Structure formats: structure tokens, C-alpha cells
Amino acid sequence: KAGVTQTPRYLIKTRGQQVTLSCSPISGHRSVSWYQQTPGQGLQFLFEYFSETQRNKGNFPGRFSGRQFSNSRSEMNVSTLELGDSALYLCASRVGGSLSSYNEQFFGPGTRLTVL
Amino acid sequence: TQLLEQSPQFLSIQEGENLTVYCNSSSVFSSLQWYRQEPGEGPVLLVTVVTGGEVKKLKRLTFQFGDARKDSSLHITAAQPGDTGLYLCAGVRPPRALNFGKGTSLLVTP
């Protein structure tokens, strides 16, 4: 079974630009979560999508948005990039189901975003 | 605010030594997960502990969940260079998302 794939793996943008990152979950997984990882703050939750609906959201500004398609693939978008948005963006998928039971989450390799 | 505090932040040891990594919180979690992340990769789940006081062993790794379900520890016996990586703990409090600690970066030198 193929793992979680993320594209692109590396990205360089300048301040003020916008960026779209893509995540393809493991086949059969309906939940996709996005995380931002930085040396200073560690791994922080951005949002989770399940069956094309956002069902959980972290504490990030509205410049960070996402969506999920009917095939469970997900994209996240960051508009008006700031220097502080430089980070590793990780996507994780799981089978889904009730929020009260956490199935194992499988992470992709991440997209390394550098904002100049 | 970081709900989970991990210590130490960095650890550099020689092959064959033992070590313990701690994950502490003032919050109660329904379960706690440990991940290992290698450079250029996403975190990989090592174990989930669910019951207060639970101890789980994975070869040379021993995981313990505190009685009050607020803290956890990871002990590695006879560390090997292949154990090098970033160790992350994550607390589960449904319906909220996972809360991750900042991680412990471990370097094991031959």
C-alpha cells in the first residue's frame, strides 16, 4: 500500500505570495490532517478534513485554509506569505471514524516551505 | 501554550548507553502516543499508551504512562546509532486534535 504523499517536497516563495500544498492520503483513508512544524514551536495542528468537511481547526490565522476533494486528496493554501510561515508542513491521514477513537495516523514526508 | 513539555530537548550519547525521555503535562489525556521522526521524513508512530500506569515494551524501548494520565516516559536500553532521531510525544483528548510536545532530539554516536 502506498504511503501518504505530499507535493511538492520543497518550495521557495517570497513574502506576500500565496502557496498551495497537496496531500494524497493512503488509499481508503478519509481523514486528512495538516500540521506545521518549526524548531521553535514544534508540531502544531492546522486543521482536519473528513469527507470533504473541516471538522477540527487549530489556532492559525485565516490566511491558512484547506479543502478536501471527493477522492480524499487534500490541499492547503497559505495566502500573503510571511517570513514566519517558513516551516515543514506535514499531512497525516487515518481511516477516520469517530473523533472519540484515534486510529493510527500516518504522516507524509512533508513539504519544506521557505519564505524569503 | 505548549500543553506537553518534553525533556531533555537535546541528548547526545554514546552507543550502548541508556537514556530516558520525559513528557509532562498538567492536563489529563485519554491516551498518549510516541513518535520518532528522522530527517526528511514525517513522524512514525511507535506506541500508544492508554491506561494509567501502563507499561509497554518495544524491543529495547520501554514506554510508561503515568498513573494520572498526565505524563509519560520513554526509556531506551543500550542505545544504537539507528535510534538517532526526534522523539515526539502527543496527547490525545478527543474531540480535539493531537497535542504534540516539541520533541527530544537524540544523537547516538558509535
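What you see is a predicted model, and the numbers here were worked out from it, not measured in a lab.

Here is what the cut-offs are and how they apply
- Residues numbered from 1 in each chain as written.
- Chains lettered and ligands numbered in written order.
- Predicted model: local features only at pLDDT ≥ 70, side-chain atom pairs only at ≥ 80, totals over all residues.
- Heavy atoms only, no water.
- Helix = DSSP H or I, 4+ residues; strand = E, 2+ residues; numbered from the N terminus.
- Contact = heavy atoms within 4.5 Å.
- Polar contact = N/O pair within 3.5 Å; in protein donor to acceptor, adjacent residues only side chain to side chain.
- Buried < 20%, exposed > 50% of the residue type's maximum accessible area, 1.4 Å probe, protein only.
- Pairing = 2+ DSSP bridges.
- Core = buried A, V, L, I, M, F, W, Y, C linked by side-chain atoms within 4.5 Å.
- Disulfide = S-S within 2.5 Å.
- Axes fitted to C-alpha atoms, helices over the stretch in contact; angles between N-to-C directions.
- 1 Å grid on protein atoms, 1.4 Å probe; cavity = no way out; pocket = protein on both sides within 12 Å on 5 of 7 lines; lining within 4 Å.
- Points joined across faces, edges and corners; volume = space filled by probe spheres on them.
- Nonpolar A, V, L, I, M, F, W, Y, C, P; charged D, E, K, R; others polar.

Regarding the environment of A:Lys57
Residues and elements named next belong to chain A.
- Here Lys57 shows up in strand S6 (residues 53-57).
- Remark: the alpha-carbon pair of Lys57 and Ser33, spanning 24 residues in sequence, is separated by 9.5 Å.
- Residues in contact with Lys57, not counting those within four places in the same chain, are Phe45, Leu46 and Phe47.
- One polar contact links the side chain of Lys57 to the main-chain carbonyl oxygen of Phe60, over a distance of 3.4 Å.

A few points about the pairing of strand S4 (residues 31-38) of chain A
Residues and elements named next belong to chain A.
- Counting buried residues along S4, eight of its eight residues qualify, which places the element largely inside the surrounding structure.
- Going residue by residue along S4, you find Ser31, Ser33, Tyr35 and Gln37 tucked away on one face and Val32, Trp34, Gln36 and Thr38 tucked away on the opposite face as well.
- Bridge count for S4 against strand S5 (residues 42-50) is eight bridges, and the pairing is antiparallel. What sits directly across from Val32, in S5, is Tyr49.
- Two successive antiparallel strands, S4 and S5, enclose a turn made up of three residues.
- Pairing geometry for S4 and strand S9 (residues 87-94), over seven bridges, is antiparallel. Each bridged residue has a counterpart across the sheet, and for Tyr35 the counterpart in S9 is Leu90.

Focus: the nonpolar core
- Of all hydrophobic cores here, the largest spans 21 residues; its most connected members are A:Trp34, A:Leu46, A:Phe64, A:Met76 and A:Tyr89.
- Residue assignment for this core shows that the elements contributing at least two residues are strand S3 (19-24), S4, S5, strand S8 (74-78), S9 and strand S11 (111-115) of chain A.
- Residues within four places of A:Phe64 in sequence aside, it is in contact with A:Gln36, A:Leu46, A:Phe47, A:Met76, A:Asn77, A:Val78, A:Asp85 and A:Tyr89.
- Grouped together as the second largest cluster of nonpolar side chains are 20 residues, B:Phe65, B:Leu74, B:Ile76 and B:Ala79 included.

What about the pairing of S8(A)?
Residues and elements named next belong to chain A.
- The buried fraction of S8 is high, at five of five residues.
- Of the two faces of S8, the one lined by Ser74, Met76 and Val78 and the one lined by Glu75 and Asn77 are each fully buried.
- As defined by bridge partners, S3 adjoins S8 across five bridges and the pair is classed as antiparallel. In the strand pairing of S8, Cys23 is matched with Ser74.

Considerations on the state of the cysteines
Residue and element names in this part refer to chain A.
- Applying the stated rule across the entire model yields two disulfides over all chains.
- With its sulfur 1.7 Å from that of its partner, Cys23 forms a disulfide with Cys91. Residues Cys23 and Cys91 share a disulfide whose torsion about the S-S bond is about -40°; that sign makes it left-handed. One end of the pair, Cys23, is in strand S3; the other, Cys91, is in strand S9, and 68 residues separate them in sequence.

Concerning the side chain of A:His29
All names here are of chain A.
- Relative to the elements of secondary structure, His29 occurs in the loop between S3 and S4.
- A polar contact is formed between the side chain of His29 and the backbone nitrogen of Arg94, at a distance of 3.4 Å.
- Discounting chain neighbours no more than four positions away, the residues touching His29 are Ser72, Ser93, Arg94, Val95 and Phe106.

Brief notes about the sheet that holds S3(A)
Residue and element names in this part refer to chain A.
- Judged by pairing direction, the sheet is antiparallel, and its four strands sit side by side in the order S1-S3-S8-S7 without closing on themselves. Pairing within the sheet leaves two strands with one partner each, and these edge strands are strand S1 (5-7) and strand S7 (64-68). Taken over all neighbouring pairs, the strand axes of this sheet differ in orientation by 20° on average, direction set aside.
- As paired strands, S1 and S3 are joined by three bridges and run antiparallel to one another. Among the inter-strand pairings, Thr7 is bridged to a residue of S3, identified as Ser22.

Quick look at the layout of surface pockets
- For the largest pocket, the calculated volume is near 570 Å³.
- Taken together, the elements giving at least two residues each to the lining of the largest pocket come down to S4 of chain A together with strand S9 (85-92) and strand S11 (104-109) of chain B.
- With three residues, the top contributor of residues to the lining of the largest pocket is S11(B).
- Classifying every residue of the lining of the largest pocket gives nine nonpolar, 11 polar and five charged.

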